Amino acid sequence: MKSKLLFISAMFLTQTSYAFFCPSNFNQIDFGYTPEQVVAQCGKPDKEETEEVTPEGPQEWNYYIPQTVATGTAGQEQGTLKTQMTFDAAGKAVNISVNGIGVGSTTICGLPVRLGDTRDQIKNACGDPTLVNKQTTPANSPEKKKVTTFTYMSTPPGVLVFEDGRLTQKQ
């Protein structure tokens with residue numbers, strides 16, 4: 001009997017563990033909710049923006065960071081240090097490589113960047129990449145997707161992002 005109760009409790013906990021609170025109140029919402037479901041639980045957002053975006057897919061950005069390098073007897077010369085940032089289809093950094101060595105974070109660009117940062121965060125820290133490698137878009141993928149952003153001016157402010165009518169991100 002004890003093991004059945006434990007199993008049922010574990011099942012319940014795993015099903016509810018992904019829910020989170022609305023930015024504006026203590027009602028629970030979950031990823032996958034529609035905008036209508038979120039408005040019903042959280043209320044109308046203070047700001048709502050919708051745009052159509054073309055999915056960019058996975059990318060690899062290459063930077064060549066200027067470095068002073070020792071050349072032995074000749075003294076020092078200017079060189080570069082190759083730094084790569086690899087992003088998944090969602091635009092999050094999944095690999096950072098400095099001179100061929102994978103790292104979890106770095107300040108090579110001056111500001112810290114880390115795994116999980118978005119393309120915009122990396123671009124703000126490092127600037128425009130010297131070279132961008134993009135995966136070609138498969139023929140069966142949608143041309144554009146609809147992205148809606150709800151902003152709640154609560155404390156702290158909350159941003160909910162919907163892609164094609166489903167909640168996908170909480171910022």
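Residues numbered from 1 in each chain as written. Predicted model: local features only at pLDDT ≥ 70, side-chain atom pairs only at ≥ 80, totals over all residues. Heavy atoms only, no water.

## Focus on the sheet that holds strand β12 (residues 158-163)
Backbone hydrogen bonds hold the strands of a sheet together, and the pairing may be parallel or antiparallel. Strand order in the open sheet formed by four strands is β3-β11-β12-β13, with antiparallel pairing between adjacent strands. Edge strands, defined here as strands with exactly one partner in the open sheet, are β3 (47-53) and β13 (166-170). Adjacent strand axes in the sheet meet at a mean angle of 25 degrees when their direction is disregarded. Judged from the seven bridges that link them, β3 and strand β11 (residues 145-152) form a sheet pairing that is antiparallel. Residue pairing in the sheet places lysine 47 in a bridge with threonine 151 of β11. Its contacts with the sheet put helix α2 (residues 35-42) on β11, β12 and β13, and the angle it makes with β11 is roughly 10 degrees. (Pairing = 2+ DSSP bridges. Helix = DSSP H or I, 4+ residues; strand = E, 2+ residues; numbered from the N terminus. Axes fitted to C-alpha atoms, helices over the stretch in contact; angles between N-to-C directions. Contact = heavy atoms within 4.5 Å.)

## Here's the deal with the pairing of strand β4 (residues 59-70)
Pairing between β4 and strand β5 (residues 76-87): 12 bridges, direction antiparallel. If you follow asparagine 62 over to β5, its bridge partner there is glutamine 84. A loop of five residues connects β4 with β5, the two strands running antiparallel in sequence, and glycine 72 in this loop sits at a positive phi of about 85 degrees. In the sheet, β4 pairs with strand β10 (residues 131-134) via four bridges, with the strands oriented antiparallel. The partner of tryptophan 61 across the bridge, within β10, is valine 132.

## Thoughts on the pattern of salt bridges
On inspection of all chains with the given rule, the structure shows three salt bridges. Across the pair aspartate 128 and lysine 123 runs a salt bridge, and its minimum N-O distance is 3.5 Å. Between glutamate 163 and lysine 145 there is a salt bridge, with the nearest N and O atoms lying 3.0 Å from each other. Here glutamate 163 is found in strand β12, whereas its partner lysine 145 is found in strand β11, with 18 residues between them in sequence. Accessibility expressed as a relative area gives 25% for glutamate 163, which makes it partly exposed. (Salt bridge = Lys/Arg side-chain N within 4 Å of Asp/Glu carboxyl O. Buried < 20%, exposed > 50% of the residue type's maximum accessible area, 1.4 Å probe, protein only.)

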